[in-house]
Amino acid sequence: MSRRSVLIALVAILLIWQLLAWLVNLPILPSPLTVAAAFWEEVIHGQLLQHFAASLWRVLASMLVSVLLAAPAGLMLGQSPRFNRVFSPVIYLLYPIPKVVLVPVVLLFLGIGDLAKITIIFLILFFQILVLVRDQAAALRPELILSVRSLGAGRRALFRYVYLPASLPAILTALRQSVGTAVAVLYVAELFATQYGLGYYIYLNGSSLLNYPAMYAGILAMSLMGMLLYFSIELAERYACPWLSALKSAE
């Protein structure tokens, strides 16, 4: 996707927003310029950056834990038909469940701290990564693995030269696909008994303080965080999996 097309889309969104603000003509929908001014004010003199940092930490921590646990589990299931037969029914039952419905349960067991919020996002990312890595590992041709083993490769070499390159695209694809859902669930999780986080910031300004420009500034900050994570993962995929870019160019 070219920068020009992204810029055109951004301008179109801002124009539609401005037109809607003129049509509605109510404080609940300020103009983009009003929100931009509030955003700058909250960044410089308010606590928006502190709330942003708290939310970003929770998402990054959950992504790291998800990759460290789900990727090895997916590789094991993909390369072991026996394990896959045992655990596939469990995954089949748990994967479709909207993880946001588990927010009250997780909060009851883990309290209202960061651990509960990280766990909620982890549950979303874990199953996404697990399923994609499992399918990718299962698709590896046996003759490829046998040929590498015939060259004297041990488990460490197989992991480095076969399993890891094969699973990286699946891991990054799962992360990219689930970033939006993770940020949305983070908003819900931060509504419960917390003092820091963009979800709390948006709710406080919109429902309690009735500071609508600041509320939209928080929404803008959360949107920027989602975009930052999305494009960071896309950039990581470009550098970690250069063969994918070559394949896409060839197509």
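Everything below is about the structure printed above this text.
Residues numbered from 1 in each chain as written. Predicted model: local features only at pLDDT ≥ 70, side-chain atom pairs only at ≥ 80, totals over all residues. Heavy atoms only, no water.

Engineer: Sorry, what's going on with the nonpolar core here?
Structural biologist: The nonpolar side chains of soluble globular proteins are, as a tendency, buried together. One finds Val59, Met63, Ile129, Leu175, Leu198, Met225 and Leu229 to be the most contacted residues of the largest nonpolar core, which totals 50 residues. Looking at this core element by element, the count peaks at 13 residues for helix α8 (residues 155-189). Aside from chain neighbours lying at most four places away, what touches Met63 is Leu125, Leu175, Leu229 and Ile233. (Core = buried A, V, L, I, M, F, W, Y, C linked by side-chain atoms within 4.5 Å. Buried < 20%, exposed > 50% of the residue type's maximum accessible area, 1.4 Å probe, protein only. Helix = DSSP H or I, 4+ residues; strand = E, 2+ residues; numbered from the N terminus. Contact = heavy atoms within 4.5 Å.)

Engineer: Hey, could you run me through helix α2 (residues 32-44) in this one?
Structural biologist: Three or four residues apart is the spacing at which side chains of an α-helix point the same way, because the helix has 3.6 residues per turn. Given a rise of 1.5 Å per residue, 13 residues ought to cover 18 Å, and the 18 Å separating the end C-alpha atoms of α2 matches this to within 8%. Within α2, burial applies to Pro32, Val35, Ala38 and Glu42. Along the axis of α2, the buried positions cluster into a sector of 125 degrees, meaning they face one direction only. Across α2 from its buried face, at more than 90 degrees, point the exposed residues Leu33 and Trp40. On its buried face, α2 sits against α1 (3-24), α3 (48-79), α9 (198-208) and α10 (212-240). (Expected span 1.5 Å × (residues − 1). Arc of directions from axis to C-beta.)

Engineer: Hey, could you run me through a nonpolar patch on the surface in this one?
Structural biologist: Together, Val90, Tyr92, Leu93, Leu94, Ile97, Val100 and Val101 give the surface a local cluster of nonpolar side chains, amounting to about 660 Å² of exposed area. Tracing the chain through its elements places Leu94 in helix α4 (residues 81-94). You can call Leu94 partly exposed: its relative accessible area is 37%. (Patch = residues over 30% accessible without salt bridge, like charges linked within 9 Å, V, L, I, M, F, W, Y side chains within 5 Å. Areas by Shrake-Rupley, 256 points an atom, 1.4 Å probe, with all protein chains shown as cover. Salt bridge = Lys/Arg side-chain N within 4 Å of Asp/Glu carboxyl O.)

Engineer: Would you mind showing me how to read the pattern of salt bridges here?
Structural biologist: Any two side chains of opposite charge can pair, on the condition that their charged atoms come close. By the definition in use, this model includes three salt bridges. Residue Arg134 is joined to Asp135 by a salt bridge in which the shortest nitrogen-to-oxygen separation is 3.2 Å. Residues joined by salt bridges that share partners form a network here, namely Arg58, Asp114 and Glu190.

Engineer: Would you take a moment to explain α1 for this structure?
Structural biologist: In this model α1 runs 31 Å from its N-terminal to its C-terminal C-alpha over 22 residues, within 8% of the 32 Å that 1.5 Å per residue would give. Note on α1: the residue one or two positions beyond its end, Asn25, has a positive phi of about 55 degrees.

Engineer: Quick question: what am I supposed to make of the packing of aromatic side chains here?
Structural biologist: The geometry of two aromatic rings is summed up by the distance between their centres and the angle between their planes. Applying the stated criterion across every chain, the model contains five aromatic pairs. Through a chain of ring-to-ring contacts, three or more aromatic side chains come together here, namely Phe122, Phe126 and Phe127. (Phe/Tyr/Trp six-rings, centres within 6.5 Å; stacked < 30°, edge-to-face > 60°.)

Engineer: Please clarify how unusual backbone geometry should be interpreted in this entry.
Structural biologist: As a rule of thumb, non-glycine residues mostly have phi less than zero, and peptide bonds are mostly trans rather than cis. Although it is not a glycine, Asn25 adopts a positive phi angle of roughly 55 degrees. Structurally, Asn25 is set in the loop between α1 and α2. Notably, Leu210 is not glycine yet its phi reads approximately 55 degrees, a positive angle.

Engineer: What is the right way to read the packing of α9 against α10 from this model?
Structural biologist: Each pair of packed helices can be summarised by the angle the axes make with each other and by the distance between the axes. Running from amino to carboxyl end, α9 crosses α10 at an angle of 160 degrees, the nearest separation of the two axes being 7 Å. In terms of axis orientation, α9 runs roughly antiparallel to α10. Relative to α10, the crossing made by α9 is left-handed. Residues Leu198, Gly199, Tyr201, Ile202, Asn205 and Gly206 of α9 lie in contact with α10, whose contacting residues are Tyr212, Ala214, Met215, Gly218, Ile219, Ala221, Met222 and Met225. Of the residues that constitute the contact of α9 with α10, the class distribution is ten nonpolar, four polar and no charged. (Axes fitted to C-alpha atoms, helices over the stretch in contact; angles between N-to-C directions. Parallel < 35°, antiparallel > 145°, perpendicular 65-115°, else oblique. Left-handed = near helix turned anticlockwise from the far one by under 90°. Nonpolar A, V, L, I, M, F, W, Y, C, P; charged D, E, K, R; others polar.)

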